[in-house]
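Summary of the model geometry
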Amino acid sequence: MEGCAIDSASAQSAQKPLTRPAPSARDAGAAPASAEVRRIPPGPEEAYRTAEDLLEFMRTHCERYGDIFRTSIYGSNVYVINSPQYLHHVLLGNWRNYARRGQAVKRIALSLGNGLISSNGQTWAKQRRLLQPAFTRPSVRALWDAFLRPTTALAERWKDAARRGASVDVTHDVSHAVLETTLRAIFGDDYERVAPHFSLIAEESRNLSFAQACAQLRSIIAQLAEERRERPRESRDILGMMMLGRDRDSGCPMSAAELACQGITLVIAGHETTASVLNWVWYLLSKHPQVEERLLAEIARLRSFDFESVAGLGYLQQVLEEALRTYPPLWLMTRRALESDYLGEYFVPAGTEIYLSPYLLQRHPRLWESPGSFIPDRFADGHSGEQHALATCPFGAGPRNCIGEFFARTEMQVHLALILKDLRLRFAEAEPAGFVADINLRSRDHFLMRPQMRACISVNPG
Ligand code: HEM
């Protein structure tokens, strides 16, 4: 069955396998010629059951019904979309009509309050304007030391393990190093004061006690902000940048409570995502030694280790791009239609939730050759010309894309370049590669690996 009229009884019984071609227009939002025909996408009769793996549920039905299907998830009417054109419409073309809502966002809001991730509408626009200056290129550049220090310390610990022939818990160590970078970037000179309170973030699962812990962390940030306001000093850290911001209408700065919501939002959004990618990169490099060798050759050509040089490592960027394609940490984005709309020929009633998965899109067999293979050369100059710009979207797209993208890319480049020049990691035991699609795409097990020293290549950090 192809899509059908919304009031047709047969709409509920789409049984036949179907693969629809994606709409050819860049933006799939054009309403059909006759507004009378309100077609809804095909989809399974049975609702999603909470015990099921949601990613697997979405994957199976995308395979069966094509790039759009309707279903019921957590009691809501959901359209799952899986083509660059549909994504373009929801995230760019008509983005104002699609608020960030859904179960995952509710869970996040419980812990983080009304920060940039969970807010919508005017509140979001105001917050985004106030936070944006902290994430420009010069602002990120000013945080260089926050990227360098934790990674240098981690490299030293792993070198020590290499000399002793010991193995290391890569997942654990990377998570802690990324947390330190995130906290140093946000809190600058106050890092030592706040760090002991935040260490649980690298360990805890996202349950109710985590939400309670986040409430305490918010009050620590609020207190810090108040202290800084009483005794002003120049701070180039992210909290300092946020405190400089003034609302364009009222001229007011963010209150301590608002700064606390944004601060905790940035810690959580910036930590697990980046840690997840780096964890997967170490796994992928151990499986692809020829990629690792090419990377090493590129790093060996560095004359100095500074912001500009690291940013110029083209093959390293390709490797990261391919890791983000195969294992995008935020595997699911959700939206809710505020008013009724059309996605291609399909009618979208107001209130419909839209689920879109970078994981499924970035492994879509129509868009990618050998989608499961790790091939960084896909992203070599001139090789991705045929692709729609949204065939990858690990950082989202449109006005609500990831505000920390440049920060995260810099952090990951520094981490890999600094460690790879001296070390390689190989699995100590059998290679566990399963993943869990929680809020982020995590490895099911921690990666236990053995660091091995390389013949040293001399570059000067600093
Ligand atoms: C590899 C690392 C990262 C990945 C893959 C990633 C991915 C994403 C994605 C896909 C979104 C959009 C979600 C949606 O549209 O529903 C997003 C939004 C966001 N990210 Fe990231 N992120 C990363 C790192 C960071 C970092 C380092 C920070 C801050 C320090 C950060 C802060 C945020 C915030 C605040 C938003 C909400 C933006 C808005 O709604 O205006 N992220 N991220």
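A few points about the coordination of the iron atom of the ligand
Of all protein atoms, just one serves as a donor to the iron atom of the ligand, and that atom is Cys402 (SG), at 2.3 Å. Along the chain, Cys402 turns up in the loop between helix 15 (358–361) and helix 16 (405–420).

Observations concerning the packing of helix 12 (residues 289–300) against helix 16
Any two packed helices are characterised by the angle at which their axes cross and by the distance between the axes. It is the contact of helix 12 with helix 16, at a shortest axis distance of 10 Å, that shows an interaxial angle of 90 degrees. On the basis of the axis angle, helix 12 is roughly perpendicular to helix 16. Of the residues in helix 16, those in contact with Glu292, Leu295, Leu296 and Ile299 of helix 12 are Leu416, Ala417 and Leu420. Split by residue class, the contact of helix 12 with helix 16 holds six nonpolar, no polar and one charged.

Some words on the site of the ligand
Neighbouring the ligand are 27 residues, the closest being Arg100, Trp124, Arg128, Arg335 and Cys402. Backbone polar atom of Leu116 to an oxygen atom of the ligand: 3.5 Å apart, as the coordinates give it. Measuring from an oxygen atom of the ligand, one finds a side-chain N or O atom of Arg128 at 2.7 Å. Looking at which element gives the most residues to the shell around the ligand, the answer is helix 11 (residues 256–287), with six residues. Split into classes, the residues belonging to the shell around the ligand amount to 17 nonpolar, six polar and four charged.

Observations regarding the environment of Arg100
Positionally, Arg100 belongs in the loop between strand 5 (98–99) and helix 3 (103–112). Using a relative accessible area of 15% as the deciding quantity, one classes Arg100 as buried. Counting along the chain gives 18 residues from Arg100 to Ser118, while the straight-line C-alpha distance between them is 7.0 Å. Those residues in contact with Arg100 that sit more than four places away from it in its chain are Val105, Leu116, Ile117, Asn120, Thr334, Arg335 and Arg400.

Regarding the pairing of strand 14 (residues 448–453)
It is a general feature of regular strands that their side chains alternate between the two faces of the sheet. Where strand 6 (residues 168–169) lies against strand 14, two bridges are found, and the strand directions are antiparallel. Its bridge partner lying in strand 14, Asp169 is registered against Leu448. As paired elements, strand 11 (residues 423–427) and strand 14 share five bridges and run antiparallel to each other. Across the sheet, residue Arg426 finds its bridge partner in strand 14, namely Arg450.

Reading the values: the criteria
- Residues numbered from 1 in each chain as written.
- Predicted model: local features only at pLDDT ≥ 70, side-chain atom pairs only at ≥ 80, totals over all residues.
- Heavy atoms only, no water.
- Donors = N, O, S within 2.8 Å, 3.2 Å for Na, K, Ca; no water.
- Helix = DSSP H or I, 4+ residues; strand = E, 2+ residues; numbered from the N terminus.
- Axes fitted to C-alpha atoms, helices over the stretch in contact; angles between N-to-C directions.
- Parallel < 35°, antiparallel > 145°, perpendicular 65-115°, else oblique.
- Contact = heavy atoms within 4.5 Å.
- Nonpolar A, V, L, I, M, F, W, Y, C, P; charged D, E, K, R; others polar.
- Near = heavy atom within 4 Å.
- Polar contact = N/O pair within 3.5 Å; in protein donor to acceptor, adjacent residues only side chain to side chain.
- Buried < 20%, exposed > 50% of the residue type's maximum accessible area, 1.4 Å probe, protein only.
- Pairing = 2+ DSSP bridges.

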